[in-house]
Structures are given as C-alpha cells and as structure tokens.
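Remarks on the overall topology
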Amino acid sequence: MPEPISWTPIKEFKEILFTQHGGIAKISINRPQVHNAFTPLTVQEMIEAMNLCRDRTDIGVIILTGEGGRAFCSGGDQSVRGHGGYVGEDAVPRLNVLDLQRIIRTIPKPVIAMVAGWAIGGGHVLHVVCDLTIAADNARFGQTGPNVGSFDGGFGASYLARVVGQKKAREIWFLCDQYDAQEALDMGLVNKVVPLDKLEETTVAWCHKILQKSPLSLRMLKSSFNAELDGQAGIQELAGNATLLYYLSDEAKEGRNAYMEKRQPDFSKFPKFP
Ligand SMILES: CC(C)(COP(=O)(O)OP(=O)(O)OC[C@H]1O[C@@H](n2cnc3c(N)ncnc32)[C@H](O)[C@@H]1OP(=O)(O)O)[C@@H](O)C(=O)NCCC(=O)NCCSC(=O)c1cc(O)c2ccccc2c1O
C-alpha cells in the first residue's frame, strides 16, 4: 500500500485549498456541498493561486481538482447567478471564469485536471482547457448550458471541437448528454482513466515524470500547441518565449551591454547559423 501523499498548505483561501508536494502545486475547489460549483470568489482565488504558481520557480506542474471525490466542478453556482453574470459579495456580476481559462491556457507550466465525479457545465470547460486530464472511473462529463440558459462559445466550444472533433462537440452541446469516463477516453476527451482510489497516486506519478523533463522545452511546447489555435494571442505567447530564450544568449546580452556602456554593439562575433 503506497503512503498517502502529503500536501503542505501554500496559502489559506475561503473556497479553495492550495497546497504543494515538492514541485507539484494542487488547486482544489472546496465546495463539495454543491459539487464544487464556483462563485466569483472561488474563481478569484483560483486565479490568485495560478498566478502564484506562475511566479514560483520551484513549482513545475499544477493539478486542478475538486474536493470530496464526487465532483471535479459543476460549473457556475446557479444560486449566485444574477443579471449579467455571477454575483459576489461586491454585488458586481462577473464571468471571471473566462479569465481563469486564459490563465490555465497560457501559464507556462503543464496543468493537469484530476477529475473525480462530475465535470459539468463551466466545470467541464475547465478540464477541457487543462493540458491533460486524468479521470477516475466515477467521472462524468457533459455540458448543461442549453438546459440552464447559458453557453460558452469560447474555448468551451472551439477548443472542445479541436479536442473531440466538430460533430462530437456539437453533440455534447446540443444534446447535453452525460458521458462516463470510458466514453470520455474513447473520444479523446481525457488522457487516462483509473480507479478512484488510484486517482491522486496516478496523477502525482504523471507530475513526477513531467518534473524530470526540461522546463524550457515544456514551456515552448505548450505555447507551440497554443500558437496554432490562438491567433495573434498565440503568436504573442510563443514569440514571448522566443524573446526569453534570446535574452539568455550572449548575443542579446551584447546588445544590452553596449547600450549600458554607451558604445556600438559588436555582433560580428556571433555566428550566422544556416
Ligand atoms: C452535476 C449534477 C448533474 C449532479 O446531479 P446529482 O443529482 O448527483 O446532484 P444534485 O443535483 O442533487 O447536486 C447536489 C447539490 O449540489 C447543488 N449543485 C450542483 N451543481 C450546482 C451548481 N452549478 N450551482 C448551484 N448548486 C449546484 C445542487 O443544487 C444540490 O444542492 P441541494 O441543496 O439540493 O443538495 C447536477 O447537480 C447539475 O446538473 N448541476 C448543475 C450543473 C450546471 O448547470 N452548471 C452551470 C452551467 S453554466 C456555467 O457553468 C457557466 C459558468 C460561467 O462562469 C460561464 C462564463 C462564460 C460563459 C459561460 C459560462 C457558463 O456556462
């Protein structure tokens, strides 16, 4: 029997748990009483945790999950849905999960959805935008928008169609059926299905494999996968990484040094690669 994985708190939040195990961060929605439906505060906290993961050089991979074993996330909390969005304590209606989706997509570290139970509605979109999904055998996937008066026509439609194909994506949205873990695996919606009691162990094992890889290589690959689909924003992300790599070179440093030393730069010593 393997030892249970020990998670150390990184920061206290109200509606999520944010913990760490070595180079792995875990962001877990902690509202199991509503199948981990999110409020504007839940999303705000997840955004803050993601941004901390981005800044922390010791974090190499992020797990996104939900507490309780019965749900990953059931989407926006319908009890706080108001006129024009989901309403938090500041009384301002928001759709701030769209900001979170973009952060998951652009954070230069792999994000793995660890799904037990329901991944439904906006919760389904969250797992779709993660780089990888590992599902427990009790996982159930689906969209509910046309049932509850909502839709996500951004990544929730277009990226879903890239993942499972146009016909299947339209079926998922138009019928609002629910799919079990094996069906999700068969349509390429998840990477692996494991028994519920092996879910965390397997996810952490995948994280350890990823942590052994070159972080810059993973970063470039993630932005390369995005670039093909994300238009100018995707090119900006990939090009930003190219700039990062260039800044690490002696050639780029010569430009900066020359400027600071008030002299002409000497780029003649740098090779003109074929
Ligand atoms: C997920 C279910 C199919 C599970 O059914 P089950 O019968 O197993 O469980 P219960 O229905 O009894 O649920 C237990 C308990 O949890 C409450 N609950 C579950 N989901 C939510 C929710 N999303 N909001 C509020 N409360 C929820 C449920 O009421 C029960 O409470 P009790 O007090 O009665 O015990 C089923 O629960 C279900 O269908 N849930 C709703 C799923 C849903 O429609 N989600 C919202 C989709 S829309 C969305 O998420 C969304 C959010 C955004 O921010 C967007 C932004 C931009 C564009 C689009 C967006 C968007 O579409």
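Residues numbered from 1 in each chain as written. Predicted model: local features only at pLDDT ≥ 70, side-chain atom pairs only at ≥ 80, totals over all residues. Heavy atoms only, no water.

Per an unreviewed UniProt entry, the protein goes by the name 1,4-dihydroxy-2-naphthoyl-CoA synthase and belongs to Hymenobacter lapidarius. The annotation that UniProt attaches to the protein under Sequence similarities (unreviewed entry) is "Belongs to the enoyl-CoA hydratase/isomerase family. MenB subfamily." Database annotation for the protein, UniProt heading Function (unreviewed entry): "Converts o-succinylbenzoyl-CoA (OSB-CoA) to 1,4-dihydroxy-2-naphthoyl-CoA (DHNA-CoA)." (UniProt positions renumbered as here; feature names shortened; annotations may be inferred.)

Moving on: the sheet that holds strand β8 (residues 93-94). Strands sit in the order β6-β7-β8 across an open sheet of 3 strands; the sheet is antiparallel. Here the strands that pair on one side only, and so sit at the sheet edges, are β6 (81-82) and β8. (Pairing = 2+ DSSP bridges. Helix = DSSP H or I, 4+ residues; strand = E, 2+ residues; numbered from the N terminus.)

A few words now on a nonpolar patch on the surface. On the surface, L216, L245 and L248 cluster together to form a nonpolar patch covering roughly 230 Å² of accessible area. Along the chain, L216 falls in helix α9 (residues 215-229). (Patch = residues over 30% accessible without salt bridge, like charges linked within 9 Å, V, L, I, M, F, W, Y side chains within 5 Å. Areas by Shrake-Rupley, 256 points an atom, 1.4 Å probe, with all protein chains shown as cover. Salt bridge = Lys/Arg side-chain N within 4 Å of Asp/Glu carboxyl O.)

What surrounds the ligand is a group of 24 residues, the closest being S74, G76, G122, T144 and S150. Within the backbone of G122, an N or O atom sits 2.9 Å from an oxygen atom of the ligand. Within the complex, 65% of the 1,100 Å² of free accessible area of the ligand lies under protein. Secondary-structure elements contributing two or more residues to the shell around the ligand are α2 (97-106) and β10 (118-120). In terms of residue class, the shell around the ligand is built from 11 nonpolar, 11 polar and 2 charged. (Near = heavy atom within 4 Å. Polar contact = N/O pair within 3.5 Å; in protein donor to acceptor, adjacent residues only side chain to side chain. Nonpolar A, V, L, I, M, F, W, Y, C, P; charged D, E, K, R; others polar.)

With that settled, the discussion passes to the environment of A136. In this structure, A136 sits in strand β11 (residues 132-136). It is 5.0 Å that separates the C-alpha atoms of A136 and A116, two residues lying 20 residues apart in sequence. Not counting the four nearest positions on each side in its chain, A136 is found in contact with V115, A116, A181, V193, V194, L196 and L199. (Contact = heavy atoms within 4.5 Å.)

What the 4 strands build is an open sheet, ordered β5-β10-β12-β13; its pairing is mixed. Each of the sheet's edge strands pairs with one partner strand only, and the pair in question is β5 (71-73) and β13 (179-180). Taken strand by strand, helix α3 (residues 122-129) contacts β5, β10 and β12 (140-142), and its axis lies near 95 degrees from that of β10. (Axes fitted to C-alpha atoms, helices over the stretch in contact; angles between N-to-C directions.)

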